[in-house]
Amino acid sequence: MLLLGIGGWLHDGAAAVMCDGAIVAAIEEEKLSREAHRGGLPTRAIHACLDLAEATTAEVDCVALVRPLGRGADNTFQIRLRSLFPNARIVVTDHHDAHAASAYYASPFDEARVLTLDRQGDMRCGAVWHGRGANLESEEDLYAPDSPAVVYSRVTELLGFRAGREEHKVQWLALSGEPRYSELFAAMMGSRASRLPTLDHSYFDPARPTQGAFSDKFYRELGLEPSASISGAMQRDLAASMHQAVTDAVLRLAGDASHLCLAGGIAMNALLVEALECSGKFGEVFVQPAAGNAGTAVGGVFHAWHRVLKRSERVPMRDLFLGPRYGKEDISQVLENCKLNFRFLLTDAELIGSAVERLADDQILAWFQGRTEFGPRALGNRSILASPLNPYSTENLNVYIKRRENFRKFAASVPEEAVDEYFESTPASRYLATVSRVKPAHRKTFESALLDGERIRLHVVRRADNRLYWDLLNEAGRVSGLPVLYNTSFNLFGEPLVSDPRSAVRSFYASGIDALFVGNFLLEK
């Protein structure tokens, strides 16, 4: 039984393929087209997923389309869809149904509360669900625009970032501020009177379309003239205040349960996930790692399998390495066409040894191996790596390579077997979905990656998930005494994560990265 999911029609389009209940392929269109946040029918992603599943369009049994479909979903589109998949049943799935399915059915839980939340989907902007076995039912719905995510996006624009694109920057900025205005944002979300958010629109002015469209009332309570510039200190405090108010609202909405599953754009907030984990209200929290629009492609096929086709067999996601893989011939063709000098490393042992040697020499490496990760986070297959023992790793990674703000820190990857020596972690660290704490004895070692003196973005690596990366971390530990590497995504200047060898080579030569390991090929400058 072959199912195809298509999500992110308006932006962040993606496709996913399920075979007999198991997700076997998933990829975002932007990683193939190299156009960030690409919407519409994700043609490249569809064909890439079917190639990975070794299937044709005629063999697809069911196509799950996730709403909203946008202006392009007219009769012409329907005819095109039917011609592409002549033997498939077409299923149209609600946006938040897909979000909920992507979180619950991908989780290891037999029963859980599920919370989905974003700015807007198909009228709904969120819902609380109960999952048991193969059943998933909504218990409470939120309707646009009464979402904490709306406030988050408005403040993102107020602080000079791009709403709908750079909320993650505000998340990290919040760590350096004080929540002085959290009561103001709580009142704005109606959190004083109700468990369910209800936005007070007197705080907004549609006639003021920039800087979040806040009203004079908002600025009065803030003690600021609407035309006045916002100081750096106030920006940090506004970020911290808004983050605190949104966290409190989500905690009230989530309630209490033995297990909690999360999806929707707000689930990409690692600090919020940590707050839920530390609340004591849940035994364990599972976050769909591709929690945004792209993840609805996965949710669409899960929903079709369990809720439409009534299949009870559950196959949780094993890992996120669901995109294309490139072999020796694919890579060598790119390198030779570009007339590049390279070395071919015959064995994995030689590959890992060469990488560790360069890391010990304080070099920064691009690591391109195996299948592309699904979702926005690099998990050791499309990563830029540095040693924490490199005294210039922070400056080189953030300033000269990624060119991003100094308050945005990179993650630390550690083998599962060594994590307890250095960090306090939770299961969500497997997918970089939360933040963790460094144990006091090792905070000096990881000082350059600390978010606030003790917390760090942590990636716990299981051997079963990524053997080659796990081997690299352990060999680095054998040589240096520290089995930890700093890991940030292999992309530059706001571009999508690299997926193919040509994009990897282009990004390598456009950056200050010292060496590129692409498959068993080594390129150096």
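Scroll up for the structure.
Residues numbered from 1 in each chain as written. Predicted model: local features only at pLDDT ≥ 70, side-chain atom pairs only at ≥ 80, totals over all residues. Heavy atoms only, no water.

## Regarding the side chain of Asp146
- Its location among the elements puts Asp146 in the loop between strand E8 (135–143) and helix H5 (148–158).
- Here Asp146 occupies a buried position and makes no salt bridge, while the nearest side chain of opposite charge, Arg154, is found at 10 Å.
- A distance of 2.9 Å separates a polar side-chain atom of Asp146 from the backbone nitrogen of Leu199.
- Dropping the residues within four chain positions of it, Asp146 is found in contact with Cys125, Pro197, Thr198, Leu199 and His201. (Helix = DSSP H or I, 4+ residues; strand = E, 2+ residues; numbered from the N terminus. Buried < 20%, exposed > 50% of the residue type's maximum accessible area, 1.4 Å probe, protein only. Lys, Arg positive; Asp, Glu negative; His and termini not counted. Salt bridge = Lys/Arg side-chain N within 4 Å of Asp/Glu carboxyl O. Polar contact = N/O pair within 3.5 Å; in protein donor to acceptor, adjacent residues only side chain to side chain. Contact = heavy atoms within 4.5 Å.)

## Notes on the pairing of strand E1 (residues 2–7)
- In terms of residue burial, E1 counts as a mostly covered element, since six of its six residues are buried.
- Of the two faces of E1, the one lined by Leu2, Leu4 and Ile6 and the one lined by Leu3, Gly5 and Gly7 are each fully buried.
- Inspection of the sheet shows E1 paired to strand E2 (residues 14–19) by six bridges, in the antiparallel sense. By the bridge assignment, Gly7 is partnered in E2 with Ala14.
- In this antiparallel pair of consecutive strands, E1 and E2, the connection spans six residues, and Gly8 shows a positive phi of 70°. (Pairing = 2+ DSSP bridges.)

## Description of a negative patch on the surface
- A cluster of acidic residues, Glu357, Asp361, Asp362 and Asp514, forms a negative patch on the protein surface.
- Within the secondary structure, Glu357 sits in helix H13 (residues 348–360).
- We classify Glu357 as exposed; its relative accessible area is 54%. (Patch = residues over 30% accessible without salt bridge, like charges linked within 9 Å, V, L, I, M, F, W, Y side chains within 5 Å. Areas by Shrake-Rupley, 256 points an atom, 1.4 Å probe, with all protein chains shown as cover. Charge placed at Lys NZ, Arg CZ, Asp CG, Glu CD.)

## Topic: the nonpolar core
- Ranked by internal contacts, the top residues of the largest apolar core, which has 56 residues, are Phe185, Phe218, Leu238, Leu262 and Leu276.
- Counting residues per element, this core draws most heavily on helix H9 (residues 232–254), which supplies 12 residues.
- The contact partners of Phe218, leaving out residues within four places of it in the chain, are Leu158, Leu184, Phe185, Met188 and Tyr203. (Core = buried A, V, L, I, M, F, W, Y, C linked by side-chain atoms within 4.5 Å.)

## Quick notes on the packing of helix H12 (residues 328–337) against helix H17 (residues 501–509)
- At a minimum axis distance of 9 Å, the contact between H12 and H17 shows a crossing angle of 45°. Judged on the interaxial angle alone, H17 and H12 are oblique. H12 and H17 meet at a crossing whose hand is right-handed. Along the contact surface, H12 presents Ile331, Val334, Leu335 and Asn337, while H17 presents Pro501, Arg502 and Val505. (Axes fitted to C-alpha atoms, helices over the stretch in contact; angles between N-to-C directions. Parallel < 35°, antiparallel > 145°, perpendicular 65-115°, else oblique. Left-handed = near helix turned anticlockwise from the far one by under 90°.)

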